[in-house]
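Spelled out from the first residue to the last, the chains are:
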Amino acid sequence: MLNVFSINTMKSCRVMKAVCVSEFGGPEVLRLLSDVPVPTPGRRQVLIRVRACGVNPVETYIRSGTYARRPPLPYTPGSDVSGEVQEVGEEVTSFKAGERVFTTATLSGGYAELCVAEEASVFRLPAGLSPEQGAALGVPYCTAHRALVTRAHAKAGETVLIHGASGGVRDTESLSVCLSVCLSVCLSPDLSLPLISILSLSLSLSLSLSLSLSLSLSLSLSLSLSLSLSFQFSLSLSLSLSFQFSLSLSPSHFNSLSLSLSLSLSLSLSLSLSLSLSIYIYIYIYIYIYIYIYIYIYIYPNMLYNMLCLQVGVAAVQLGRALGLRVLGTAGTRGGLDLVLQQGAHQVFNHREEDYTHKILEATGGAGVDVVLEMLANLNLGADLQMLRQGGRVAVVGSRGSVEINPRDTMAKESSILGVALASATPEEREECMAALSTGMEEGWLRPSVGRCYPLKMAAQAHQDLMEGPGACGKTVLTM
């Protein structure tokens with residue numbers, strides 16, 4: 001991806017529509033322009049009439065400015081393009097105008113009506129695949145091939161565990177519940193209400209939501225209420241109430257909980273309005289900070305984890321079956337489990353269950369798996385090492401932080417931890433990868449999964465939905 005306004009080959013007076021980023025930031029910085037110069041292909045480059053362009057999670061990180069590699073501004077995103085050859089450079093011999101092609105990288109950016117790519121990054125699109133499917137090929141399938149074949153050297157007959165093979169089927173219930181709690185705290189902006197009205201409002205909402213929240217969140221809400229009531233009693237009495245609340249979180253004890261709170265609220269009638277205001281603000285800040293941490297420590301990494309799985313997991317399942325591997329997959333929802341099976345996995349396991357690793361070991365007769373394809377190493381690497389058999393390998397596709405492991409888990413089994421970076425592939429490795437994928441397309445086992453499709457003018461909405469919207473079951477694609 002290069003700066004679309006600084007490519008030396010752009011000497012044409014023709015213009016086109018393209019999405020340009022002039023500053024790093026949120027999805028709103030993706031602006032559709034109608035007067036962008038059409039790039040002119042160099043000697044070994046191909047000009048492509050874009051019909052569809054895949055949207056990859058990494059493109060949202062680059063756009064936001066949080067990615068390690070920042071392109072010079074302004075630029076046009078997009079690497080996974082499909083369409084027809086419009087024009088070729090004078091030294092290009094592999095393609096001619098009118099041929100259907102797809103790319104694994106572009107020079108000028110794929111969020112545009114036309115784009116330029118190096119000849120080595122352009123491949124023919126089989127007649128059986130749509131332009132949208134062609135736009136879902138590049139990064140996901142090349143990454144899966146590099147992880148399984150180039151790095152892990154998976155062989156027919158071996159067992160591979162694809163940790164998070166469904167990806168797109170996300171568990172969004174936790175996110176919606178947490179956001180509703182945030183809103184419930186803000187429902188009473190009129191601070192002139194008596195304290196008892198404000199507290200009873202927040203109490204009723206928290207009790208109704210606590211049934212679907214985890215125990216840790218319910219406990220924190222109870223503690224915040226007990227601490228706020230400590231303004232009315234001595235320190236010792238406040239602590240005893242906190243202990244009582246922590247023991248009254250089960251459904252069978254709700255009666256005693258409501259009784260103790262009602263007594264406390266009746267005593268608060270004697271407080272002044274200013275004291276009521278300070279107590280209300282204290283409760284609001286405490287709950288808001290807790291939920292902020294909950295969303296960005298627990299849910300947000302899982303969101304990224306699911307997107308990585310979505311892009312690579314389905315491709316890895318299909319590729320693993322084609323290589324003659326025994327494919328085991330994990331998912332976190334019923335829909336995800338069904339999806340992994342539909343894609344060809346022999347067995348699937350729910351990674352939200354506490355004992356799922358033991359079930360995987362049981363499925364292998366206690367021997368363990370030969371290869372693990374890991375999307376979120378900072379959470380799972382330690383468990384991965386314990387599930388390997390002698391000489392096993394973990395191919396790390398993604399990680400969102402540091403992790404602590406026991407090196408003895410690698411010593412006893414002589415296992416290996418392998419990093420996977422698609423950008424490090426040599427020309428020879430790219431050729432080998434595309435040869436395998438071309439065979440898959442011809443034989444029909446390679447079936448790119450396409451999710452939501454957006455017109456080019458809705459690129460910002462596509463980025464927004466990719467990061468924050470409900471889970472999809474395929475790759476997000478822009479169409480022209």
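Residues numbered from 1 in each chain as written. Predicted model: local features only at pLDDT ≥ 70, side-chain atom pairs only at ≥ 80, totals over all residues. Heavy atoms only, no water.

Per an unreviewed UniProt entry, the protein is named Enoyl reductase (ER) domain-containing protein, and its organism is Gadus morhua. In its Subcellular location (unreviewed entry) section, UniProt records this for the protein: "Cytoplasm". (UniProt positions renumbered as here; feature names shortened; annotations may be inferred.)

Novice: So what exactly am I meant to see when it comes to the overall build of the protein here?
Specialist: When helices and strands are counted, the protein shows 15 helices and 15 strands. With 480 residues in all, the protein has 51% of them scored as buried. For the protein, long-range pairs separated by at least 24 residues make up 71% of all intrachain contacts whose partners lie at least 6 apart in sequence. In the form shown here, the protein has an accessible surface area of approximately 21700 Å², with 57% of it arising from carbon and sulfur atoms. (Helix = DSSP H or I, 4+ residues; strand = E, 2+ residues; numbered from the N terminus. Buried < 20%, exposed > 50% of the residue type's maximum accessible area, 1.4 Å probe, protein only. Contact = heavy atoms within 4.5 Å. Areas by Shrake-Rupley, 256 points an atom, 1.4 Å probe, with all protein chains shown as cover.)

Novice: It is not clear to me how helix 1 (residues 57-64) should be interpreted in this structure. Could you clarify?
Specialist: Helical geometry note: an α-helix holds 3.6 residues per turn, so side chains three or four residues apart project in the same direction. Burial runs high along helix 1: six of the eight residues are buried. After helix 1 finishes, the residue Gly 65 shows a positive phi value of roughly 85°.

Novice: Please clarify how the environment of Val 21 should be interpreted in this entry.
Specialist: Topologically, Val 21 is positioned in strand 1 (residues 15-21). Along the chain, Val 21 and Arg 31 lie ten residues apart, while their C-alpha atoms are 6.6 Å from each other. Discounting residues that sit within four places of it in the chain, Val 21 has contacts with Val 29, Leu 30, Leu 73, Pro 74, Tyr 75 and Pro 77.

Novice: What should I look at first to understand the sheet that holds strand 8 (residues 159-163) in this one?
Specialist: Strand pairing in a sheet relies on backbone hydrogen bonds, with the paired strands running either antiparallel or parallel. Taken together, the six strands give an open sheet; going across it, the order is 10-9-8-11-12-13, and neighbouring strands pair in parallel fashion. Unpaired on one side and paired on the other, strand 10 (347-350) and strand 13 (416-419) mark the two borders of the sheet. Strand-to-strand, the axes of this sheet are offset by a mean angle of 20°, without reference to chain direction. For strand 12 (residues 388-396) and strand 13, the ladder comprises four bridges, and the chain directions are parallel. Across the sheet, Val 396 pairs through a bridge with Gly 419, a residue of strand 13. (Pairing = 2+ DSSP bridges. Axes fitted to C-alpha atoms, helices over the stretch in contact; angles between N-to-C directions.)

Novice: Even after reading the chapter, I still don't get the packing of helix 3 (residues 138-151) against helix 14 (residues 427-443), so can you show me in this structure?
Specialist: To describe two helices that pack against each other, one gives the angle between their axes and the distance between the axes. One way to put it is that helix 3 packs onto helix 14 with a least axis distance of 10 Å and a crossing angle of 105°. In terms of axis orientation, helix 3 runs roughly perpendicular to helix 14. Residues Tyr 141, Cys 142, His 145, Arg 146, Val 149 and Thr 150 of helix 3 form the contact with helix 14, whose own contacting residues are Glu 429, Glu 432, Cys 433, Met 434, Ala 436 and Leu 437. Its residues placed into classes, the contact of helix 3 with helix 14 shows seven nonpolar, two polar and three charged. (Parallel < 35°, antiparallel > 145°, perpendicular 65-115°, else oblique. Nonpolar A, V, L, I, M, F, W, Y, C, P; charged D, E, K, R; others polar.)

Novice: I keep staring at helix 11 (residues 356-363) and nothing clicks. Help me out?
Specialist: Those residues of helix 11 that fall on the buried side of the exposure criterion are Tyr 356, Thr 357 and Ile 360. With its buried residues spanning 105° around the axis, helix 11 presents them on a single face. In helix 11, the exposed positions that point more than 90 degrees away from the buried face belong to His 358 and Glu 362. Buried residues in helix 11 make contact with strand 8, strand 9 (326-331), strand 10, strand 11 (369-374) and helix 12 (377-387). Immediately beyond the C-terminal end of helix 11, within one or two residues, lies Gly 365, with a positive phi of roughly 70°. (Arc of directions from axis to C-beta.)

Novice: Is there a simple way to explain the pattern of salt bridges in this structure?
Specialist: A side chain of one charge can pair with a side chain of the opposite charge when the charged atoms of the two come close. The final tally for this structure, using the stated rule, is 14 salt bridges. Its salt-bridge partner being Lys 475, residue Asp 80 comes within 2.6 Å of it at the nearest N-O pair. Of this pair, Asp 80 sits in the loop between helix 1 and strand 4 (81-88) while Lys 475 sits in strand 15 (residues 475-479), and the two are 395 residues apart along the sequence. Its relative accessible area of 0% is what places Asp 80 among the buried residues. (Salt bridge = Lys/Arg side-chain N within 4 Å of Asp/Glu carboxyl O.)

Novice: Would you take a moment to explain the packing of helix 1 against helix 15 (residues 459-468) for this structure?
Specialist: Contact pair helix 1 / helix 15: the axes reach a minimum separation of 10 Å and the direction vectors enclose 110°. On the basis of the axis angle, helix 1 is roughly perpendicular to helix 15. Mapping the contact onto sequence places Pro 57, Glu 59, Thr 60, Tyr 61 and Arg 63 in helix 1 and His 463, Leu 466 and Met 467 in helix 15. The residue makeup of the contact of helix 1 with helix 15, split by class, is four nonpolar, two polar and two charged.

Novice: For this particular structure, what's the right way to read the packing of aromatic side chains?
Specialist: Between two aromatic rings, the relevant description is the distance of the centres plus the angle of the planes. One pass over the full model with this rule turns up one aromatic pair. Here the aromatic rings of Phe 102 and Phe 123 are separated by 5.8 Å at their centres, their planes lie at 35°, and the arrangement is tilted. Here Phe 123 lies in strand 7 (residues 122-124) and Phe 102 lies in strand 5 (residues 100-103), a separation of 21 residues in the sequence. Each member of the pair, Phe 102 together with Phe 123, is buried. The residue whose ring lies beneath Arg 70 is Phe 24, and the NZ or CZ to ring-centre distance is 4.9 Å. (Phe/Tyr/Trp six-rings, centres within 6.5 Å; stacked < 30°, edge-to-face > 60°. Lys NZ or Arg CZ within 6 Å of the ring centre and 35° of its normal.)

Novice: Mind showing me how you'd approach the nonpolar core here?
Specialist: As a rule of thumb, nonpolar side chains are buried together in soluble globular proteins. Leu 137, Ile 162 and Leu 373 are the most contacted members of the largest nonpolar core, which totals 40 residues. For this core, the secondary structure elements donating two or more residues are helix 3, strand 8, helix 9 (273-322), strand 9, helix 10 (334-342), strand 11 and helix 14. Tallying contributions element by element places helix 3 first for this core, with six residues. Leaving out residues up to four positions away in the same chain, Leu 137 has contacts with Phe 102, Leu 125, Leu 129, Cys 142, Met 441, Leu 446 and Pro 448. The next biggest cluster of nonpolar side chains, apart from the first, holds 26 residues, and it includes Cys 53, Val 101, Cys 115 and Leu 478. (Core = buried A, V, L, I, M, F, W, Y, C linked by side-chain atoms within 4.5 Å.)

Novice: What is the right way to look at the side chain of Asp 370 in this model?
Specialist: Note on placement: Asp 370 falls in strand 11. Within the structure, Asp 370 has its side chain in polar contact with the backbone nitrogen of Thr 159 (distance 2.8 Å). Separated by 3.4 Å, the side chains of Asp 370 and Arg 389 make a polar contact. Residues in contact with Asp 370, not counting those within four places in the same chain, are Glu 158, Thr 159, Leu 388, Arg 389, Gly 392 and Arg 393. (Polar contact = N/O pair within 3.5 Å; in protein donor to acceptor, adjacent residues only side chain to side chain.)

Novice: Hey, could you run me through the pairing of strand 5 in this one?
Specialist: Sheet faces and side chains relate simply in a regular strand, where the side chains alternate between the two faces. Sheet analysis places strand 4 next to strand 5, joined by three bridges and oriented antiparallel. Bridging across to strand 5, Glu 84 finds its partner in Arg 100.

Novice: Looking at this model, I keep getting lost on the side chain of Gln 45. Mind explaining?
Specialist: You can see Gln 45 is positioned in strand 3 (residues 45-54). Among the polar contacts made by the side chain of Gln 45, one reaches the main-chain amide nitrogen of Gly 42 at a distance of 2.7 Å.

Novice: What's the story with the confidence of the model for the protein in this structure? I'm lost.
Specialist: As a general rule, the predicted coordinates of low-pLDDT regions are not to be interpreted in detail. For the protein, per-residue confidence averages 75 on the pLDDT scale, and 66% of positions sit at 70 or higher. By mean pLDDT, the top-scoring element of the protein is strand 3 (98), and the lowest-scoring one is helix 4 (residues 173-185) (35). Below a pLDDT of 50 lies the segment residues 4-11, which in the model reaches 20 contacts outside its immediate sequence neighbourhood of four places, other chains included. (pLDDT = per-residue confidence, 0-100.)

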